[in-house]
Amino acid sequence: MLGHVTATGNLTLQAAGISQQNASNFSVAGTSVLSADSTHDISMNQAGNVWGGSVSVTSARDVSLRSSAGLATGAITAQRDLTLTAAGDVSQSGVWSVQGTTTVNAGSGQVSLNQSGNALTGALSITGGAVDVSSTSALLLGQVNATSLQVQASGGVSQQNATALTVSGTTSLTADATHDVLLGQAGNSLTGTITVGTVRDLTLANTGALQLGSLSVNRHLSLSATGAISQSAAWNVGGTSQFTSTSGSVTVDRSDNSLAGAVSLSGTQASVRTSG
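Procedures and definitions
Every chain's residues receive numbers from 1 upward, in the order its sequence appears when written. With pLDDT at 70 or above as the cut-off, local features in this predicted model cover only qualifying residues; side-chain atom pairs require 80 or more to be listed or tallied, and sums for whole chains, interfaces and linings still use all residues. In computing side-chain properties, one takes all heavy atoms of the structure into account and sets aside hydrogens as well as water. A run of H or I in DSSP counts as a helix once it spans at least four residues, and a run of E counts as a strand once it spans at least two, with each numbered from the N terminus. Burial classification: accessible surface area is computed with a 1.4 Å probe over protein chains only, and a residue below 20% of its type maximum counts as buried, one above 50% as exposed, and the rest as partly exposed. The convention is simple: Lys and Arg are positive, Asp and Glu are negative, and His and the chain ends are not counted. Here the site of a charge means NZ on Lys, CZ on Arg, CG on Asp, or CD on Glu. Between rings of Phe, Tyr and Trp, where Trp is taken as its six-membered ring, a pair exists when centres lie within 6.5 Å; planes separated by under 30 degrees are stacked, by over 60 edge-to-face, and by other angles tilted. By the convention used here, residues are in contact when the closest approach between their heavy atoms is within 4.5 Å. Any two strands are treated as partners once DSSP identifies two or more bridges connecting them. Residues with no salt bridge and a relative accessible area higher than 30% make up the patches, which join like charges within 9 Å and nonpolar side chains (Val, Leu, Ile, Met, Phe, Trp, Tyr) within 5 Å. Surface accessibility follows the Shrake-Rupley procedure with a 1.4 Å probe radius. Residue values consider only the protein chains on display as shielding. Note on definitions: salt bridges are taken to be side-chain nitrogens of Lys or Arg within 4 Å of carboxyl oxygens of Asp or Glu.

Focus on the overall build of the protein
Here comes step 1: Secondary structure summary: the protein contains 0 helices and 36 strands in total.
Here comes step 2: With the C-alpha coordinates aligned to their principal axes, the bounding extent of the protein is approximately 65 × 30 × 25 Å.
Here comes step 3: The buried share of the protein, reckoned over its 276 residues, is 44%.
Here comes step 4: Side chains of the protein carry 7 positive and 11 negative charges; the gap between the two charge centres is 4 Å.

Topic: the packing of aromatic side chains
Here comes step 1: One pass over the structure, following the stated rule, counts 2 aromatic pairs.
Here comes step 2: Considering the side-chain rings of Phe-26 and Trp-51, the 5.7 Å spacing of their centres and the 45° angle between planes classify their relative orientation as tilted. Of this pair, Phe-26 sits in strand β4 (residues 26-28) while Trp-51 sits in strand β7 (residues 50-51), placing them 25 residues apart in sequence.
Here comes step 3: Classification of Phe-26 as buried rests on a relative accessible area of 0%.
Here comes step 4: The exposure class assigned to Trp-51 is buried, which follows from its relative accessible area of 6%.

Observations regarding the environment of Gly-197
Here comes step 1: Positionally, Gly-197 belongs in strand β26 (residues 194-199).
Here comes step 2: It is 6.1 Å that separates the C-alpha atoms of Gly-197 and Leu-215, two residues lying 18 residues apart in sequence.
Here comes step 3: Not counting the four nearest positions on each side in its chain, Gly-197 is found in contact with Leu-173, Thr-174 and Ser-216.

Considerations on the sheet that holds β7
Here comes step 1: Strand order across the open sheet formed by 3 strands is β1-β4-β7, with parallel pairing between neighbours. Strand pairing shows two members of the sheet lacking a second neighbour, β1 (5-7) and β7, which therefore form its edges.
Here comes step 2: Where β1 lies against β4, 3 bridges are found, and the strand directions are parallel. Looking at β4, one finds that Thr-6 is bridged to Ser-27.

Some words on the pairing of strand β28 (residues 210-217)
Here comes step 1: Note that β26 and β28 share 4 bridges and pair parallel. Within the sheet, the bridge partner assigned to Thr-198 lies in β28 and is Ser-216.
Here comes step 2: Here β28 pairs with strand β30 (residues 229-231) via 3 bridges, running parallel. Bridge pairing links Leu-210 to Ile-229 in β30.
Here comes step 3: Bridging between β28 and strand β31 (residues 235-237) involves 3 bridges; their strand directions are parallel. Bridge pairing in β31 places Val-217 opposite Val-237.

Looking at the side chain of Thr-171
Here comes step 1: Along the chain, Thr-171 turns up in strand β23 (residues 171-174).
Here comes step 2: Judged by its relative accessible area of 3%, Thr-171 is buried.
Here comes step 3: Every residue in contact with Thr-171, bar those within four places of it in the chain, is listed here: Leu-149, Leu-190, Thr-193, Ile-194 and Thr-195.

As for a nonpolar patch on the surface
Here comes step 1: A cluster of nonpolar residues, Val-263, Leu-265 and Val-272, forms a patch on the protein surface that exposes about 200 Å² of accessible area.
Here comes step 2: Looking at where Val-263 falls in the secondary structure, it is placed in strand β35 (residues 263-266).

Comments concerning the environment of Ser-230
Here comes step 1: Along the chain, the position of Ser-230 falls in strand β30.
Here comes step 2: Taking the relative accessible area as the measure of exposure, Ser-230 reaches 24% and is therefore partly exposed.
Here comes step 3: Not counting the four nearest positions on each side in its chain, Ser-230 is found in contact with Leu-210, Gln-211, Leu-212, Trp-235 and Thr-251.

What to know about the pairing of strand β10 (residues 71-78)
Here comes step 1: Bridge count between strand β8 (residues 55-59) and β10: 2 bridges; the pairing is parallel. Across the sheet, residue Val-57 finds its bridge partner in β10, namely Ile-76.
Here comes step 2: In terms of strand pairing, β10 meets strand β12 (residues 90-92) through 3 bridges, oriented parallel. Residue pairing for β12: Ala-72 is matched across the bridge by Ser-91.
Here comes step 3: Note that β10 and strand β13 (residues 96-98) share 3 bridges and pair parallel. Residue pairing for β13: Ala-78 is matched across the bridge by Val-98.

Take a look at the structure:
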């Protein structure tokens, strides 16, 4: 167990497990490289820690890191869970490989997890300002609170049961033509415009109005909201489309829409238009 540590340069720690004494602080001016073994944890979660350079974890079971300012990370490998807490921006310059859950709390800071090789097997939960996440594998979202959200996962995007996405600004979602974006939890609150790049199937549920920009859906589209459903750009849907508003209108009436399959809808009033 470590007490107070001050390093004016770089820090390298390697042990079976690494932990930090209560009320102790780490102050590292340079980069930090931490390594445990796959059956022991790295727990560096005291609120006063200052990491001047990037922090990398080459191996550990559970990883918990905390910073009194922003937190820049390099590559991280965790056999189970990863927890990051910072009072500023959280970013990465290396790939994260996490077998369990990933929880990032940056307060109002930005969260930029845009290394395309990220492999986050368990649910990803984030609190932050602008949030940007990329992954070459499937991405399971947990609780998300953000001012804007951008997610790109070629393996598809889904949502853990009984969680909610709360985004006060815009949301951008992209998978690929053979994978889905399925964000169907009723507690979602996506306030700004939602744009969706190429996906196979798309399911979105929202508390309140649901406003969408451009959509490109190879198969089926399902939208449900307690408020109105509307669009600000063309939608291209190769299969069926289902629109459900429990207390608002459905307005999908752009002349450049292409809704190839059957359209089902429910709302206080509806207007739908398609060129295909």
